[in-house]
Protein chains: 2
Amino acid sequence: MSKYWSEIAKNIEPYVPGEQPKNKKYIKLNTNENPYPPSPKVINAIEQAANNNLQLYPDPNCDDLRNTLANYYELSSDQVFIGNGSDEVLAFSFMAFFNQGTPILFPDITYSFYEVYAELFKLKYKLIPLDDNFDIPIDSFCIKNGGIVIPNPNAPTTRYMSIECLKKIVECNMESVVIIDEAYIDFGGESLARFVNDYPNLLVVQTLSKSRALAGLRVGFAFGHIDLIEGLNRIKNSINSYTVNRLSLAGAKAAFEDEPYFKNISSKIINTRKKVIPYLKALGFKVLESKTNFLFVSHNKTHAKIIFRELKNDGILVRHFDKPRTHNFLRITIGTDEEMDILINKLKNIISKTYL
Amino acid sequence: MSKYWSEIAKNIEPYVPGEQPKNKKYIKLNTNENPYPPSPKVINAIEQAANNNLQLYPDPNCDDLRNTLANYYELSSDQVFIGNGSDEVLAFSFMAFFNQGTPILFPDITYSFYEVYAELFKLKYKLIPLDDNFDIPIDSFCIKNGGIVIPNPNAPTTRYMSIECLKKIVECNMESVVIIDEAYIDFGGESLARFVNDYPNLLVVQTLSKSRALAGLRVGFAFGHIDLIEGLNRIKNSINSYTVNRLSLAGAKAAFEDEPYFKNISSKIINTRKKVIPYLKALGFKVLESKTNFLFVSHNKTHAKIIFRELKNDGILVRHFDKPRTHNFLRITIGTDEEMDILINKLKNIISKTYL
Ligand SMILES: Cc1ncc(COP(=O)(O)O)c(C=O)c1O
Ligand SMILES: Cc1ncc(COP(=O)(O)O)c(C=O)c1O
């Protein structure tokens, strides 16, 4: 604590991201990255951009990339906002649409950054408890509120909500903005993006970090009514005119132009997910049904904390959240088939060892 | 205006960056970019990074780059903060160190983003008038305040302040944080970076956008006491864990490892600046003495607005700020010798035409 810190800096509790170890010896199943590299066309586009006017500022409006995304989702480009990772897009959304008065709503078990944003911007918030299956109770989101944010599928629970259910939430909240965070939508879910024309209060947020295998590039985006996008631009242009650099703009565009590659790696991950679940169940794990690139699991005998520690000793990083309802769960990113084989073997040892 | 906007989104007046035209026909002297490309070693480092684990998140702590910068300025790495352009670093600094109580201070003629940040974060502020030569009156900054931000050299005035004068301002403000924005320090000024050990309240902000010819990469940084850097990290980690992507980290590091290239392009710009000033004066321009990569000029007969418009017609973009004390000035970035020759010729025509 320093006397030079602002009241805000003194009072916040920052988000703690999963470890990014510098030595390469870990199998990294802790931050929901893609186990496959990005499309070769992305690398190529970045190399070209590196050689082209890097001394000049990027396009502050990201027109080219916005057009690409608008075409992809059959929207108009002024319904698209681009940011430096979806974390930035979410932070700007909190600033643009939520006020300090009526509480905003989000699930009690969800992406922990929402609470951090709410604290940072001094927003009141109400945690809506997930039901016993960790599913989202629709009616609980139909109460007076100052805004809503829900990930679909939810993280870390992996649970997916149908378009119909989400529409109900959007429809019973026409006076506030409903943000649907679709970070993991490409692993088996259906996006709400094409419904932003129907709802002036719906903002859909996505990222290149997961299904597009570009966590290292930092690009996120939002789709919404032109007024919502303008609100986001007002915030962005009051903080940093150029949030997305030339290389990110070029790489992101190329990622959306190589659909076969994207389809291929996504279905590989979905297949690996399908294959690994029975093995985990056979070892005594409860595995929530997942439409994401990770699994949320809990063992019937060995505590998650122990498994977490043992896996780390064995060179495998997974994520453990030491919170009331989830302290006995682990979040495990889907890696390659080979990585999951190693994981299963290590888990087998850990479980049998701790049984004794 | 939308009913879905927050009070903040409704009330701010965003910054308007200089035009970034998409067609290539303009000579761009409007956003203080470097006319030279970045070092080939930077391009090379980016190409390598593009091929190396782009599916993984970047190091959230930017350790490698922080070490490079710390070595460069003979500091320790925990005295260094990295951000997505110095605009982001400045925005985070306002959040980290300034409160809503006592007014913060900055010059009445300065980088217009400061006012935008103050409005965004609802900070009271007091504009300290520059003197008639557009120099910064030291004593006016020695009054009770909640923080200070001053660019050295100042923009758009190009005026430089000596280390001794700045130290006086830092010393008479030991209860508040003094931010010195050194965006243009490498064009003839001396950096305060090596004095951050002496003052717990001094934050020095720099950027790769100008002297390192990397506006397209978006990297800025700050040097300060370890407590100030921790304050910045608290804000950053409450907004976006990973603000600087893998390519930017790699490119920025390489930029600081190619000193000869940096020295070479910086001295070319300084030489061009020296050469062009007499020509401008001969045309009837008043030219403020500059230690930046741009000039702040005013003509004794033709109004800046007219020159701005005519230059744009002629394919040259410069910057005009339509504000009380500066509406008759133009900010002209130093381009290559060839670009400045074209500028001088066009100006000659414009001036003689409007004389008639
Ligand atoms: C639900 C959710 N939203 C958003 C993000 C942020 O993703 P990024 O900032 O990489 O786009 C994550 C990352 O883990 C996430 O799990
Ligand atoms: C005085 C000053 N500070 C900061 C910046 C921001 O630079 P960047 O965000 O590109 O690092 C600028 C850009 O023009 C500037 O003139």
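Residues numbered from 1 in each chain as written. Chains lettered and ligands numbered in written order. Predicted model: local features only at pLDDT ≥ 70, side-chain atom pairs only at ≥ 80, totals over all residues. Heavy atoms only, no water.

Observations regarding the packing of aromatic side chains
What describes a pair of aromatic rings is the distance from one ring centre to the other and the angle between the planes of the rings.
At step 1: The full count for this structure, using the stated rule, is 42 aromatic pairs over all chains.
At step 2: Judged by centre distance (5.0 Å) and plane angle (70°), the rings of Tyr 72 of chain A and Tyr 73 of chain A are edge-to-face.
At step 3: Centre to centre, the rings of Tyr 111 of chain B and Phe 113 of chain B are 5.9 Å apart; their planes meet at 55°, and the pair counts as tilted.
At step 4: Exposure remark for Tyr 111 of chain B: the relative accessible area of 21% places this residue in the partly exposed category. (Phe/Tyr/Trp six-rings, centres within 6.5 Å; stacked < 30°, edge-to-face > 60°. Buried < 20%, exposed > 50% of the residue type's maximum accessible area, 1.4 Å probe, protein only.)

Quick notes on the site of ligand 1
At step 1: Near ligand 1, the surroundings consist of 14 residues, among which Ser 86, Asp 181, Thr 207 and Ser 209 of chain A together with Tyr 57 of chain B are the closest.
At step 2: Ligand 1 sits at the junction of chains A and B, each of which supplies nearby residues.
At step 3: Measuring from an oxygen atom of ligand 1, one finds a backbone N or O atom of Asp 87 of chain A at 3.0 Å.
At step 4: In the model, an oxygen atom of ligand 1 is placed 2.7 Å from a nitrogen or oxygen of the Tyr 184 of chain A side chain. (Near = heavy atom within 4 Å. Polar contact = N/O pair within 3.5 Å; in protein donor to acceptor, adjacent residues only side chain to side chain.)

A closer look at helix 4 (residues 86-97) of chain A
All names here are of chain A.
At step 1: Over its 12 residues, helix 4 runs 16 Å from end to end, which matches the ideal 16 Å to within 8%, given 1.5 Å per residue.
At step 2: Most of helix 4 sits out of view: 12 of its 12 residues are buried.
At step 3: When helix 4 is considered as a whole, its buried residues turn out to be Ser 86, Asp 87, Glu 88, Val 89, Leu 90, Ala 91, Phe 92, Ser 93, Phe 94, Met 95, Ala 96 and Phe 97. (Helix = DSSP H or I, 4+ residues; strand = E, 2+ residues; numbered from the N terminus. Expected span 1.5 Å × (residues − 1).)

Topic: the packing of helix 4 (residues 86-97) of chain B against helix 7 (residues 226-236) of chain B
Residues and elements named next belong to chain B.
At step 1: It is the contact of helix 4 with helix 7, at a shortest axis distance of 9 Å, that shows an interaxial angle of 105°. In terms of orientation, helix 4 lies roughly perpendicular with respect to helix 7. Each of Val 89, Phe 92, Ser 93, Met 95, Ala 96 and Phe 97 in helix 4 lies in contact with helix 7, whose residues at this interface are Leu 228, Gly 231, Leu 232, Ile 235 and Lys 236.
At step 2: Tallied by class, residues from the contact of helix 4 with helix 7 come to 8 nonpolar, 2 polar and 1 charged. (Axes fitted to C-alpha atoms, helices over the stretch in contact; angles between N-to-C directions. Parallel < 35°, antiparallel > 145°, perpendicular 65-115°, else oblique. Contact = heavy atoms within 4.5 Å. Nonpolar A, V, L, I, M, F, W, Y, C, P; charged D, E, K, R; others polar.)

Focus on the sheet that holds strand 9 (residues 285-287) of chain B
All names here are of chain B.
At step 1: Taken in spatial order, the 3 strands line up as 9-10-12 in an open sheet, and their pairing is antiparallel. A strand with exactly one partner marks an edge of an open sheet, and here the two such strands are strand 9 and strand 12 (330-333). Averaged over all adjacent pairs, the angle separating strand axes in this sheet is 35°, with direction ignored. (Pairing = 2+ DSSP bridges.)

Points about the sheet that holds strand 10 (residues 294-299) of chain A
All names here are of chain A.
At step 1: Reading across from one edge, 9-10-12 is the order of the 3 strands in this open sheet, with antiparallel pairing throughout. The open sheet is flanked by strand 9 (285-287) and strand 12 (330-333), the only strands paired with a single partner. Each neighbouring strand pair of the sheet contributes to a mean axis angle of 35°, computed without reference to strand direction.
At step 2: Two strands pair when backbone bridges link them, and strand 10 and strand 12 are joined in this way by 4 bridges, in the antiparallel orientation. Bridge pairing in strand 12 places Val 297 opposite Leu 330.

Focus on the site of ligand 2
At step 1: The environment of ligand 2 is formed by 14 residues, the closest being Tyr 57 of chain A together with Ser 86, Asp 181, Thr 207 and Ser 209 of chain B.
At step 2: Looking at the residues close to ligand 2, they fall on chains A and B.
At step 3: Between ligand 2 and Tyr 57 of chain A, the relevant distance is 2.6 Å, taken from an oxygen atom to a side-chain nitrogen or oxygen of the residue.
At step 4: In this structure, an oxygen atom belonging to ligand 2 sits 3.0 Å away from a side-chain N or O atom of Lys 210 of chain B.
At step 5: If one sorts the elements of the shell around ligand 2 by residue count, helix 4 of chain B sits on top with 3 residues.
At step 6: Class assignment of the residues belonging to the shell around ligand 2 gives a composition of 6 nonpolar, 4 polar and 4 charged.

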